[in-house]
Amino acid sequence: MVKALEWVALPQPALRLLDQTRLPTQEHYIDVTTVDTLVRAIQDLAVRGAPALGGVGALGVVVAMAQGEREAWSSERLAGEIARIRNARPTAVNLAWGVDQVLPAMPRGIPAVLDAAMRLVAEDEAANRELSRLGADWIIARTGKDLVRVLTHCNTGALATTAWGTAYGIIHELHQRQRLEVVHADETRPLLQGSRLTSWELTQDGIPHVVQADSAACSTILRGLVDVAIIGADRIVANGDTANKIGSVALALACQRAQIPFVVAAPSSTIDLATTTGAEIVIEERPPHEVLGLGGLQTSPAGARAFNPAFDVTPHDLIDAIVTERGIVEPATHPDPRLLAEIAG
Ligand SMILES: CSC[C@H]1O[C@H](OP(=O)(O)O)[C@H](O)[C@@H]1O
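What counts, and at which threshold
Residues numbered from 1 in each chain as written. Predicted model: local features only at pLDDT ≥ 70, side-chain atom pairs only at ≥ 80, totals over all residues. Heavy atoms only, no water. UniProt positions renumbered as here; feature names shortened; annotations may be inferred. Helix = DSSP H or I, 4+ residues; strand = E, 2+ residues; numbered from the N terminus. Buried < 20%, exposed > 50% of the residue type's maximum accessible area, 1.4 Å probe, protein only. Contact = heavy atoms within 4.5 Å. Polar contact = N/O pair within 3.5 Å; in protein donor to acceptor, adjacent residues only side chain to side chain. Expected span 1.5 Å × (residues − 1). Bend = angle between axes of the 7 residues up to and from the residue. Salt bridge = Lys/Arg side-chain N within 4 Å of Asp/Glu carboxyl O.

Caption draft 1: Spotlight on the UniProt feature "active site" (unreviewed entry) in the chain. As recorded in UniProt, the feature "active site" (unreviewed entry) lies at D234. For D234, the location among the structural elements is in the loop between β7 (228–231) and β8 (235–237). Classification of D234 as buried rests on a relative accessible area of 10%. Excluding its chain neighbours within four sequence positions, the residues that come into contact with D234 are A50, T91, A92, V93, N94, A243, N244, K245, T270 and F311.

Caption draft 2: Geometry of the side chain of S268. Its location among the elements puts S268 in the loop between β10 (262–265) and β11 (271–272). With a relative accessible area of 10%, S268 lands in the buried category. A polar side-chain atom of S268 sits 2.5 Å from a polar atom in the side chain of E325. Look past the residues within four positions of S268 in its chain and what remains in contact with it is T324, E325, R326 and I343.

Caption draft 3: The arrangement of helix α2 (residues 50–71) in detail. Here α2 is 22 residues long and its end C-alpha atoms lie 30 Å apart, about the 32 Å a rise of 1.5 Å per residue gives. The largest bend in α2 comes to about 25 degrees, at L59. Counting buried residues in α2 gives 18 out of 22 residues, a clear majority hidden from the surface. One or two steps after α2, the chain reaches A72, where phi turns positive at roughly 55 degrees.

Caption draft 4: Representation of the pattern of salt bridges within the structure. One pass over the full model with this rule turns up 20 salt bridges. Across the salt bridge formed by D100 and R86, the nearest N and O atoms sit 2.6 Å from each other. Highlighted residues: D100 in helix α4 (residues 93–102) and R86 in helix α3 (residues 75–86), separated in sequence by 14 residues. Taking the relative accessible area as the measure of exposure, D100 reaches 30% and is therefore partly exposed. Classification of R86 by relative accessible area gives partly exposed; the value is 32%. Across the pair E125 and R129 runs a salt bridge whose closest N-O atoms are separated by 3.1 Å. Separated by 4 residues within a single helix, E125 and R129 lie in helix α5 (residues 110–143), roughly one turn from each other. Under the relative-accessibility criterion, E125 is labelled partly exposed at 23%. You can call R129 partly exposed: its relative accessible area is 33%.

Written out as C-alpha cells, the structure reads:
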C-alpha cells in the first residue's frame, strides 16, 4: 500500500512526502528537512488528509528540532517554528494533535521525539485497520446486503493517512470480504481528491468503481443507486457534529431523504472534545484560483471572484454512525455525547 509519508535516514534524515499535487500522473517525492518546505507542502496539499496531517505534525517537530540544531536556533525560535507547523491548516484537528503528542518528549532530544512520532504513526495505522473492520461489520449488518454499493467523497485512503485508510479502509475491507459491488467516487472539486487520488487507489487495489461529478452525488443517492455513503472526517466535536470536505453535508441530507446510512469513519485522534458544537469549527478558506481555473487552465473570466471553503459541517443528527477504532456511536439515533467522550478517552 502506498505511503503518503515516511521518515528516511539516507541520504540525510528527512520526512519523505509523496507529492499528491502531482498524482495520478507523476509519483514525485519531497524530502523535507526545513520547516518552510513542510509548511508549504501542507498548505499546497502535497500532503493532506486529517490522519496524515497528524503524522506530519509529529514528525514535523523532528524536522524543526534538527533544523534548529543545524542553524543554532534559540528555544523561542524553535517554539515559533513548531507553531507554524501546528497552525499550517486550521480545520483538521489532527495536525495540532500530532504536534502536541510529541512535545513532552522534546527535553529528551531528537531521538526521543522521533521515537514518539513513529509510535504515533504505527498506532494510527493500527487504528485505521481496526475501524475498517468494525465499519465493514456495521455496514453489512445495517444494510443486510450481500453486495454493498458505496458512495464516498474526497480521499480517505492510505494517501490521507499514515497508512491504510479510514472510509477507504472500510471500502477495502468490504472488497476483501467479497461484499462490495461498486464504489461511486465523487470527483471532489475543486482539487479533485476523488478523481485523482481515490480512483488511483481503487484502481491499484482492483476495486470496481465509477468516478462521478459532485453534482451527481445527491441524485445517485435519491435514485437508489447506492446503499450507504461513507466519508472521512477532519474534526469530530463533542456533540458529534463533523467537519469534512466541502460537499459532505449535501450527501448527509440526501441520505436522510433516501433513508440510507450516512457513515463517518475516523480514528479517535480526530475527535475534539474541547469544541462543543460544529458552529465553532474554523472552516479553511482556500485561494480563489483553485475554483477559477483547473490544472493551469483559466475557466472563469478575468476579474471573477470565488468562494472556496475547503470543508463543511454535518450536524450530528444526520450521521447514522461515527466509526472509530474504539467503537461506534450512532448520533442520529442515540444522540448521547457521553458515548463519544468515552471513545475519545
Ligand atoms: C482520512 S480523512 C481525510 C479528510 O481530509 C480531506 O481533506 P483535505 O484533502 O483538504 O486534507 C477530506 O476532508 C477527507 O475526508
